[in-house]
Structures are given as structure tokens and as C-alpha cells.
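Chain and residue survey
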Amino acid sequence: MTAVPARGGLSFSRVSVAYDTSRGPVPALSEVSLTVAPGEFVAVVGPSGCGKSTLLKLAAGLLAPSSGTVTAGGVPVAGPGADRGVIFQDYAVFPWLTVEQNIGFGLTLSANRAEAREREARVAHYLDRMGLAEFRHALPKTLSGGMKQRVALARAYVVRPGTLLMDEPFGALDSQTRLAMHDLLLGVLRQEGTAGLLITHSVEEALYLAARVVVLSARPGRIRAVMEVPFGRARDHALLASPDLARLKGEITALVMDEYRRQTALDRRPAA
Ligand SMILES: Nc1ncnc2c1ncn2[C@@H]1O[C@H](COP(=O)(O)OP(=O)(O)OP(=O)(O)O)[C@@H](O)[C@H]1O
């Protein structure tokens, strides 16, 4: 197969975020510098509350940094854009649209006749791959949580964004569906040359999907470690039983637990 061009990509340069609250500023990220190359998929792990979602919101253009710069595809992020597909953990689907209309939503506006045919084919492809073909005319309220999340994933994939931004997108899925969705994502990344940033609590998921795993420190999140994942691009389920994966999982889990303990100690400190 001819290699597809690598697309998308992100750059965070010395990015800090402090949220304004009634109790004063809450620092969430501190001096984070990270590059996701075009076509590269990077996972971020770290203790709860360390700033992972904040990092993703910056890339999505839903939040501006207090200092530092964020670019997507080489362009400064000034807000949300079609070049970035965002998937959150909470099945963000439109309740008044059918499954099929939800999946095709991002394609509707630009459709001329040739595009409309292409659009239908793409929507049908993802309805099928997500196991949702039978439910194409169903409204989201009639679907399980896991099915709604598959609709949200399909809606992001179908528009072929250069960069996918994913915040715990597989957390609510049963373990078999999760594995199937991992493989589908790997296929999308390979076929479309898509770059991405994945936030996950699962070190194993991070290692199975990503080229690099970033460990964030206790709040305010700093980069504690960046681990290269030495498994190449072709991943399969045999990897999950490999000693190499187990060793890396152990190393990364130890770092996350170390930061978790620091975070817990910080949270117990009386407010100044
Ligand atoms: N809108 C907000 N206003 C004030 N503080 C916020 C806001 N959003 C997040 N925070 C705080 O910023 C810190 C980082 O939050 P963030 O959601 O990025 O962490 P996280 O690593 O994604 O957490 P989790 O793994 O639990 O989802 C937390 O202390 C959180 O309470």
C-alpha cells in the first residue's frame, strides 16, 4: 500500500493555564512543551486532576492558555475548527437527530451532488464498521451508552479531520467493544494519515494505540516523562500479552502512581 500523507499535528510551546475561581487562580498546567508530528498519535496519562483535559481543550480551541502558544497543523489555535475532531467521554450526540444524521452531521453543509454520494458512502461505511447499520434510523435516546459513544466516534472519523483529540473516548465501552474500537481507530489513523492526542486513564490502552506516551505530573501538570512505544505501527492483540508491553506498563504505572501520591498529598494540604 502506498503511504498516505501524514496530516494534522499539534505543538504546545511553554503552555501554562490557571483557571480563575472565586478562591483565586487554580494552576492546572505549567510550562508544557510538546509536539505531535503530522500523522503521529500521542497518548497522555497522569493522576486525576493533573490537567489532561485542560491540555486537550487547549488543542480543541475551547480554552486559551494563560501563557505560551498552541498550534494545530502549524496554525495558531484561535478556536474550534474542522481540522480537529474532538471526542469526549460523555457520548456527545445530538438527541434530535437519528444515528445516520448524527454521523453525517459534519458533512451536510458542504455537499454538492458528487460530494453527497461520497458522503453517503462514508456514512454507510462507518455505520457498518461501528455495528450501527441496523440502528441507522434510531434516535440516540433508544441507544445504550456504548452505542451512543460509537456514534460520536463515527461522527468524528467521517469528516477526516487532520487531528483527532480524544478525551477518554473508550472508557464507557465494554472490553470487547473497546478492543474493536481500538483496532478501528488504528485503521483510521493508518488510512487517513491522521495525527492525534488521546487522554486516557488506561496505560495499556495508551501503549496499544500510541507512538509515544506522555506522563503528566501532579497538578499543575508538567511533563514528567515521554516514553517512546517501540512496537511500530502495526499493532495486534498478541501485543497485550507480550513481556515488552508488561514492562513498559509497569514503568509508566510506577510514574503515574508516584504523581498520584504527590497529588493526594497536595490535595490534603490545608488551603492557605
Ligand atoms: N473550569 C474550571 N474552573 C476551575 N478549575 C478547573 C476548571 N476546569 C478544571 N479545573 C481544575 O483544573 C485542574 C485540572 O483539571 P483537568 O480536568 O484538566 O484534569 P484531568 O487530569 O483531566 O482530570 P481527570 O483525570 O480527573 O479527568 C483540576 O484541579 C480541576 O479542578
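Residues numbered from 1 in each chain as written. Predicted model: local features only at pLDDT ≥ 70, side-chain atom pairs only at ≥ 80, totals over all residues. Heavy atoms only, no water.

An unreviewed UniProt entry lists the protein under the name ABC transporter ATP-binding protein, with Methylobacterium oryzihabitans as the source organism.

Let's talk about unusual backbone geometry
Most peptide bonds take the trans form, and the phi angle of most residues other than glycine is negative. Counted only if it meets this: Helix and strand definitions follow DSSP, with helices as H or I runs of at least four residues and strands as E runs of at least two, each counted in order from the N terminus. To sort residues, take the accessible area from a 1.4 Å probe on protein chains only and compare it with the maximum for the residue type: under 20% means buried, over 50% means exposed, and anything in between is partly exposed.
Here R219 and P220 are connected by a cis peptide whose omega angle stands at -5 degrees. Of note, P220 is situated in the loop between β9 (212–216) and β10 (223–228). The backbone of E31 sits at a positive phi, close to 50 degrees, despite the residue not being glycine. One non-glycine residue, R160, adopts positive backbone phi at about 50 degrees. Positionally, R160 belongs in the loop between α4 (145–158) and β7 (163–167). Looking at R160, the relative accessible area reads 38%, which means it is partly exposed.

With respect to the nonpolar core
Here is the rule we go by: Definition of nonpolar core: a set of buried residues of the types Ala, Val, Leu, Ile, Met, Phe, Trp, Tyr and Cys, connected through side-chain atoms within 4.5 Å. Boundaries between domains were set according to an automatic or database domain assignment. Throughout, a contact is declared for two residues whenever any of their heavy atoms are within 4.5 Å.
I103, Y157, M166, F170, L185 and I252 are the most contacted members of the largest nonpolar core, which has 52 residues in total. With eight residues, α4 is the single largest residue contributor to this core. There are two domains that each give this core at least three residues, and those are domain 1 (1–83 + 163–272) and domain 2 (93–160). Those residues in contact with Y157 that lie beyond four places of it in its chain are I87, R122, Y126, M130, L164, M166, F170, L184, L185 and V188. Within the second largest apolar cluster, 25 residues are counted, among which are F12, A28, L56 and L58.

A closer look at the pattern of salt bridges
Side chains bearing opposite charge may pair, as long as their charged atoms lie close to each other. Using the following cut-off: Put simply, a salt bridge is a Lys or Arg side-chain nitrogen that is within 4 Å of an Asp or Glu carboxyl oxygen.
Tallying each qualifying case throughout the model produces 11 salt bridges. Across the pair R14 and E31 runs a salt bridge whose closest N-O atoms are separated by 2.8 Å. Highlighted residues: R14 in strand β1 (residues 10–21) and E31 in strand β2 (residues 24–36), separated in sequence by 17 residues. Look at R14 and you get exposed, because its relative accessible area is 53%. Among the residues examined, E31 registers a relative accessible area of 42% and is labelled partly exposed. Among the ionic pairs, E192 bridges to R122, the shortest N-O distance being 3.4 Å. Of this pair, E192 sits in helix α5 (residues 175–192) while R122 sits in helix α3 (residues 113–129), and the two are 70 residues apart along the sequence. A relative accessible area of 16% means that R122 is categorised as buried. One salt-bridge network, in which partners are shared between bridges, spans R224, D258, E259 and R262.

Things to note about the pairing of strand β8 (residues 195–199)
Two faces, one strand: in a regular strand the side chains alternate between the faces of the sheet. We apply this condition: In this analysis, strands are considered paired if DSSP registers two or more bridges between them. Viewed with both strands pointing away, a crossover whose connecting path from the first strand over the helix to the second turns clockwise is right-handed.
With five of five residues buried, β8 lies mostly within the body of the structure. Burial along β8 is two-sided: the face carrying A195, L197 and I199 and the face carrying G196 and L198 are both buried. Sheet topology note: the strand β3 (residues 41–45)/β8 ladder contains four bridges and is parallel. From the neighbouring strand, V44 faces β8, where its bridge partner is I199. Crossover handedness for the path β7 to α5 to β8: right-handed.

Side note on the packing of aromatic side chains
Put simply, the test is: Note on aromatic contacts: the rings of Phe and Tyr and the six-membered ring of Trp form a pair at centre separations within 6.5 Å, being stacked when their planes are under 30 degrees apart, edge-to-face when over 60 apart, and tilted otherwise.
Using the criterion set out here, one finds three aromatic pairs in the structure. Summarising the aromatic geometry, the rings of F94 and F105 are spaced 4.5 Å apart at their centres and angled 50 degrees between planes, so their arrangement reads as tilted. Placement of the pair is F94 in the loop between β6 (84–87) and α2 (99–104) and F105 in the loop between α2 and α3, with a sequence separation of 11 residues. Its relative accessible area of 42% is what places F105 among the partly exposed residues. Put simply, the rings of F94, W96 and F105 pair up and form one aromatic cluster.

Describing α4
Filter applied, for reference: Expected span of a helix, by definition, is 1.5 Å for each gap between consecutive residues, and there is one gap fewer than residues.
End to end, α4 covers 20 Å across 14 residues, agreeing with the expected 20 Å (1.5 Å per residue, within 8%). Burial within α4 is extensive, with 12 of its 14 residues counted as buried. Every buried residue of α4 is accounted for by G146, M147, Q149, R150, V151, A152, L153, A154, R155, A156, Y157 and V158. Buried positions along α4 lie against β6, α2, α3, β7 and α5. One or two steps after α4, the chain reaches R160, where phi turns positive at roughly 50 degrees.

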